[in-house]
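# Coordinate analysis (summary)
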Amino acid sequence: VEAVCHSIREELYGASGQTGANLILAGYEHSTQRAVLRAIHPHGSMDYVPYAALGSGGLAAMSTLEVAYPDETISLDSATELCVRAVTAGITEDLGSGSCIDVCVIDARGLVTYRRTVVEEEELVVSHDDEVSE
């Protein structure tokens, strides 16, 4: 993780923010035997964070995470459900986000668990009074 962060930082510093990339990098750091999450900003500065969200629905997703993220250890099932709730909040607040949520968990051994969740879309009811004539 640190080597990837170093490479990204060098690229972003060199571009002086012109790349315009906000990134979230997650991985397993073997030297500390811990999972890490880094928020990477356009000029190359980085923060270790317990959770992060980006994109057009990012504010709604972050508010869900801030309210529900526990101070103590969280189980994998609870963490996955919290992530789905956060992304669902982002989808609800952004009309262009779509309705699919892909959950991918990579454990310390490198094993991948993948799940697709679909958020039901609302149906727009149009009355005959709303129809536009040509």
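These lines cover the structure that appears in this document, whether it is placed above or below. For clarity, every value in this text was computed on a predicted model and none was experimentally measured.

Reading the values: the criteria
Residues numbered from 1 in each chain as written. Predicted model: local features only at pLDDT ≥ 70, side-chain atom pairs only at ≥ 80, totals over all residues. Heavy atoms only, no water. Helix = DSSP H or I, 4+ residues; strand = E, 2+ residues; numbered from the N terminus. Expected span 1.5 Å × (residues − 1). Buried < 20%, exposed > 50% of the residue type's maximum accessible area, 1.4 Å probe, protein only. Contact = heavy atoms within 4.5 Å. Axes fitted to C-alpha atoms, helices over the stretch in contact; angles between N-to-C directions. Left-handed = near helix turned anticlockwise from the far one by under 90°. Nonpolar A, V, L, I, M, F, W, Y, C, P; charged D, E, K, R; others polar.

### Notes on helix α3 (residues 76-93)
Over its 18 residues, α3 extends 26 Å from the first C-alpha to the last, a length consistent with the 26 Å expected when each residue adds 1.5 Å. Every buried residue of α3 is listed here: T80, L82, V84, A86, A89, G90 and I91. Among the structural elements, α2 (58-68), β4 (100-106) and β5 (112-118) are those in contact with the buried residues of α3.

### Section: unusual backbone geometry
Positive phi, close to 55°, is recorded for Q33, a residue that is not glycine. Examined against the element boundaries, Q33 turns out to sit in the loop between β1 (23-29) and β2 (34-40).

### Some points on the packing of α2 against α3
Taken N-terminus to C-terminus, the directions of α2 and α3 make an angle of 145°; their axes are 7 Å apart at the nearest point. You can see that α2 and α3 cross each other, and the crossing is right-handed. The segment α2 lies against α3, with A60, A61, T64, L65 and A68 engaging L82, R85, A86, A89, G90 and E93. Within the contact of α2 with α3, the residues separate by chemical class into 7 nonpolar, 2 polar and 2 charged.

None of the figures reported here should be taken as evidence of function without further support.
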